[in-house]
Amino acid sequence: MTDISGGPAALPVSKSRRGSLLTQDALTRRRNAAEARFKAYGAVAITLSMLALVWLLFSIISVGSPAFRQTFLTMPIELPEDKLDKSGTRDPAVMAKVTTVGYAAVIQAALTKAIKEKGISTDGMTPKDIAGIVSLEAPAQLRNHVLANPDLVGQTIDFEILANGRVDGFFKGRVTMETARLDSNIKPEQLVLAERLVDAGIMAQRFNWGFITFPDASDQRPEAAGLGVAIIGSFYMMIVVLVLSLPIGVAASVYLEEFAPKNRLTDLIEVNIANLAAVPSIVFGILGLAVFINFAGLPQSAPIVGGLVLTLMTLPRIIIPARAALKSVPPSIRDAALGVGASRLQSVFHHVLPLAAPGILTGMIIGLAQALGETAPLLLIGMVAFVRDYPGMPIDGFFDPASALPVQVFSWTVRGDPGFVERASGAIIVLLVFLLVMNAVAIILRRRFERRW
Amino acid sequence: MNDMRIAERVVDSMESKITARGVQVFYGQNHALKDVDVDILDKTVTAFIGPSGCGKSTFLRCLNRMNDTIDGCVVKGSIKIDSEDIYDPKVDPVQLRAKVGMVFQKPNPFPKSIYDNVAYGPKIHGLTRNKAELDEVVETSLRRAALWNEAKDRLKSPGTGLSGGQQQRLCIARAIATSPEVLLMDEPCSALDPIATAQIEELIDELRSQFSVVIVTHSMQQAARVSQRTAFFHLGYLVEFGETGQIFTNPKDPRTESYITGRIG
């Protein structure tokens, strides 16, 4: 309603400077060229990152996938009573006196017999060489099986035992005749014998469930190493992180976003939360060591401590997206709720929180995924220890020593035997599968609960 | 200003519902509302007009204490509803807002079903004892908001799926479902097309029989069409307040005259 006074003033652009619309002037050309250049940079950047990702996935999968296959020997094994249960009581406590050395002899005898029956020549090989194609873990496998089923003693059973890691590596292409000549752990003759055993049907490769279920194994027996303890440990830690960080994180972000007065103190808290999210994770490990282990006296290597440390690390990373999700709920919804006489709490719990839930859940799952892949803080609280015993059932199991997936990757990569390199990459594949599943869940939840207004 | 039809207004009641005396509002350092005295009559439509930023919405939000949610907002003076000071420390704004409903500028239905939108207020205030009563409240509210015929077959479908005008009528239904005594409307038609606007205006005129309605509007034609009394705000001052006919045909203050003839604002 303001009145427009005065005639149109002449602008300092003469008509002659504007050429035909059909030809681009210099300025337009420069602008278009700049836009084209920017698009090209973007395309190059995306191509480079895609190539890096493909290369990474290819190398991990090509190195790690053999870990999911393992070479086994299957043969009839005679379990002589005079060697394994002299007392004849079939009492596992008494039978446990026979160590793995005794079982190694049983396996060696069974292998020699099987080779003889198949008519495979073993020229120039000592009995020790022949026994060397079997894993050092095999006697323990057999011993555990017999102690679990004492009635088997005196019978002949068909049993599957692990082949030595080098023999396994030979079938996976990691070990060749040339490297075997230089290797004190294996002889070319043993590899030749292994090939003959494959032909005879005694030795074969199959999918290796043990990689998922077995506990870690010592330096000399990569073929027996598995992720069982690490998966349970990581799972327990994720439970602790979820149970602690979901309520604390949501309560903190709702309070800060909806109820807290805006003053110096809350500003300070906000800045600190943002800073905490950027603190290197190893710092949380030192904190956890000092507070939870040295001060509170919780056990080392325990999932409870790992979970607590990861909770500390995850909380700011959950609070920040949760607050962003709450902030993105339009204020008109809060007004509407308050306008019909809802209290502040009702407006938050009936309207704001359900609308922010997909964002909060997504942040939560991404925070959990980060925690799942975190290594450094766990090293400091002793989760890198060599653990062969499965932790117990929750909640007591939270206090038993355990390992964690990323830490298992770390500890396998520093071991000498090349068999562990393959295991480490395999473990990375397992970790990536877990992360992919979690991210997929995040996406599905977001799609499902997303509402428009 | 050719289509300004000022009907003969009959003010049904001379009973004062809301009495505001010496109301001052500060947003931090900003003195947004200066010394406002208003009497809002029962069962009457009162329109607040004035240029943007003149304080009319601020004053409206004082009437149900929605300003409480704004940080740094301070209200001084006294506002009484039925001679009870609503800024008394003993007053819970939640109870106040059940008595003084509000409809906002932009239609803001909850992203829930039409039924849940209307039923929400009665539910949280415990106004109904069972599902049948609640159904009845929802139906009556939707009927009064002239939305029943359009919505009765889709009560379970989301309120956000309605058209803009329907959404605003849904918001009105939601506001009247708690049986308020005063209905505040903050530019309820500014986001609507002329047909939806006409429907809402008709509705306001009908609602007058039950509530006292306070409407903030930028459209002087609308103020002239729906209200019995009009208040003109300018730069935080209440310049003139009186019968709508008198304000539009015979303003006493030169600023009012300038505004309604389009010279300021």
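Residues numbered from 1 in each chain as written. Chains lettered and ligands numbered in written order. Predicted model: local features only at pLDDT ≥ 70, side-chain atom pairs only at ≥ 80, totals over all residues. Heavy atoms only, no water.

Undergrad: I keep staring at the overall build of chain B and nothing clicks. Help me out?
TA: Broken down by element type, chain B carries 10 helices and 10 strands. Relative to the compact-globule value of 18 Å for 265 residues, chain B shows a C-alpha radius of gyration of 18 Å, a close match. In terms of overall dimensions, chain B has C-alpha extents of about 55 × 45 × 35 Å along its principal axes. The buried share of chain B, reckoned over its 265 residues, is 55%. Across chain B, every contact between residues at least 6 apart in sequence was considered, and the portion connecting residues at least 24 apart equals 68%. (Helix = DSSP H or I, 4+ residues; strand = E, 2+ residues; numbered from the N terminus. Rg over C-alpha atoms; globule rule 2.2 N^0.38 Å. Buried < 20%, exposed > 50% of the residue type's maximum accessible area, 1.4 Å probe, protein only. Contact = heavy atoms within 4.5 Å.)

Undergrad: Looking at this structure, how should I read the overall build of chain A?
TA: The secondary structure content of chain A amounts to 19 helices and 3 strands. Viewed in the frame of its principal axes, chain A has a C-alpha envelope of about 120 × 65 × 35 Å. Counting all 453 residues of chain A, 43% fall into the buried class. Within chain A, contacts between residues at least 6 apart in sequence are counted, and of these 79% link residues at least 24 apart. Roughly 24100 Å² of accessible area belongs to chain A as shown, and the carbon and sulfur atoms make up 64% of that amount. The average position of the 41 basic charges and that of the 36 acidic charges among the side chains of chain A differ by 12 Å. (Areas by Shrake-Rupley, 256 points an atom, 1.4 Å probe, with all protein chains shown as cover. Lys, Arg positive; Asp, Glu negative; His and termini not counted. Charge placed at Lys NZ, Arg CZ, Asp CG, Glu CD.)

Undergrad: What is the right way to read the interface of chain A and chain B from this model?
TA: When the parts come together, some accessible area is lost, and that loss is often what is quoted as the size of the interface. Each side of the interface is counted separately: chain A has 20 residues, and chain B has 25 residues. Summing both sides of the interface, chain A and chain B together bury roughly 1900 Å²; the carbon and sulfur share of this comes to 63%. Here chain A is connected to chain B by 0 salt bridges. If you look at where chain A meets chain B, you find 5 residue pairs in polar contact (both at pLDDT 80 or more). At the level of secondary structure, the elements contributing two or more residues to the side of chain A that touches chain B comprise helix H15 (331-339) and helix H16 (344-372) of chain A. Ranked by residues supplied to the side of chain A that touches chain B, first place goes to H15 of chain A with 7 residues. In the side of chain A that touches chain B, the residues fall into 9 nonpolar, 7 polar and 4 charged. (Buried area = accessible area lost by both parts, 1.4 Å probe. Salt bridge = Lys/Arg side-chain N within 4 Å of Asp/Glu carboxyl O. Polar contact = N/O pair within 3.5 Å; in protein donor to acceptor, adjacent residues only side chain to side chain. Nonpolar A, V, L, I, M, F, W, Y, C, P; charged D, E, K, R; others polar.)

Undergrad: Even after reading the chapter, I still don't get the sheet that holds strand S3 (residues 203-207) of chain A, so can you show me in this structure?
TA: Hydrogen bonding along the main chain pairs the strands of a sheet, whether they run parallel or antiparallel. Residue and element names in this part refer to chain A. Read from one edge to the other, the open sheet built from 3 strands follows the order S2-S1-S3, with strand pairing classed as antiparallel. This sheet does not close on itself; its edge strands, each paired only once, are strand S2 (156-162) and S3. In this sheet, neighbouring strand axes are inclined to one another by 40° on average, regardless of whether the strands run parallel or antiparallel. Taken together, the 7 bridges between strand S1 (residues 69-78) and S2 define a ladder with antiparallel strand orientation. (Pairing = 2+ DSSP bridges. Axes fitted to C-alpha atoms, helices over the stretch in contact; angles between N-to-C directions.)

Undergrad: Sorry, what's going on with the pattern of salt bridges here?
TA: When the charged atoms of two side chains lie near each other, side chains of opposite charge can form a pair. Scanning the entire structure with this criterion turns up 29 salt bridges over all chains. In this structure, lysine 187 of chain A and aspartate 129 of chain A form a salt bridge, with 3.1 Å as the shortest nitrogen-oxygen distance. Here lysine 187 of chain A is found in the loop between helix H8 (177-182) and helix H9 (188-200), whereas its partner aspartate 129 of chain A is found in helix H5 (residues 127-131), with 58 residues between them in sequence. Among the residues examined, lysine 187 of chain A registers a relative accessible area of 38% and is labelled partly exposed. A salt bridge links arginine 21 of chain B to aspartate 39 of chain B, with the nearest nitrogen and oxygen atoms 3.0 Å apart.

Undergrad: I tried to follow the environment of proline 330 of chain A on my own but got confused; where do I start?
TA: Note on placement: proline 330 of chain A falls in the loop between helix H14 (303-327) and H15. The exposure class of proline 330 of chain A is buried, given its relative accessible area of 15%.

Undergrad: Please explain helix H6 (residues 164-176) of chain B as it appears in this structure.
TA: Every α-helix carries 3.6 residues per turn, so stepping three or four residues along brings you back to the same face. Residues and elements named next belong to chain B. If you check H6, its first and last C-alpha atoms are 19 Å apart, about what 13 residues at 1.5 Å a residue would give, namely 18 Å. Across the 13 residues that make up H6, a large majority, 12, are buried. Along H6, the residues classified as buried are Gly165, Gln166, Gln167, Gln168, Arg169, Leu170, Cys171, Ile172, Ala173, Arg174, Ala175 and Ile176. (Expected span 1.5 Å × (residues − 1).)

Undergrad: Looking at this structure, how should I read the side chain of arginine 169 of chain B?
TA: Residues and elements named next belong to chain B. Mapped onto the fold, arginine 169 is located in helix H6. Under the relative-accessibility criterion, arginine 169 is labelled buried at 4%. At 3.0 Å, the side chain of arginine 169 and the side chain of glutamate 150 are in polar contact. With sequence-adjacent residues up to four places away left out, arginine 169 is seen in contact with Ala145, Ala146, Leu147, Glu150, Gln199, Ile200 and Leu203.

Undergrad: Sorry, what's going on with the confidence of the model for chain A here?
TA: Should the pLDDT be low somewhere, the predicted coordinates at that spot are not to be read in detail. Taken residue by residue, chain A gives an average pLDDT of 87. The fraction at 70 or more is 95%. At the low end of the mean pLDDT range in chain A sits helix H2 (residues 81-84) of chain A, at 81; at the high end sits helix H1 (residues 26-64) of chain A, at 94. (pLDDT = per-residue confidence, 0-100.)

Undergrad: In this structure, what is going on with the nonpolar core? I would like to understand it.
TA: The biggest cluster of nonpolar side chains holds 52 residues, and the ones touching the most others in it are Leu227, Val305, Leu310, Leu378 and Trp412 of chain A. At the level of secondary structure, the elements contributing two or more residues to this core comprise helix H11 (228-259), helix H13 (281-295), H14, H16, helix H18 (405-413) and helix H19 (419-449) of chain A. Counting residues per element, this core draws most heavily on H19 of chain A, which supplies 9 residues. In contact with tryptophan 412 of chain A, not counting residues within four places along its chain, are Phe211, Asp216, Ala225, Gly226, Leu227, Phe420, Arg423, Ala424 and Ala427 of chain A. Counting residues in hydrophobic clusters, the runner-up holds 46 residues, among them Ala47, Val103, Ala151 and Leu183 of chain B. (Core = buried A, V, L, I, M, F, W, Y, C linked by side-chain atoms within 4.5 Å.)

Undergrad: Got a minute to help me understand the packing of aromatic side chains in this structure?
TA: Following the criterion strictly, the structure yields 13 aromatic pairs over all chains and no others. Each ring, one from phenylalanine 110 of chain B and one from tyrosine 120 of chain B, has its centre 5.3 Å from the other, and the planes form 75°; the classification is edge-to-face. You can see phenylalanine 110 of chain B sitting in the loop between strand S6 (100-103) and helix H3 (114-125) and its partner tyrosine 120 of chain B sitting in helix H3, a full 10 residues away along the chain. The class for phenylalanine 110 of chain B is buried, based on a relative accessible area of 0%. With relative accessibility at 7%, the residue tyrosine 120 of chain B sits in the buried group. The aromatic ring of phenylalanine 420 of chain A is capped on one face by arginine 415 of chain A, whose charged end is 4.8 Å from the ring centroid. Residue placement shows arginine 174 of chain B over the ring face of phenylalanine 110 of chain B; its charged tip is 4.5 Å from the ring centre. (Phe/Tyr/Trp six-rings, centres within 6.5 Å; stacked < 30°, edge-to-face > 60°. Lys NZ or Arg CZ within 6 Å of the ring centre and 35° of its normal.)

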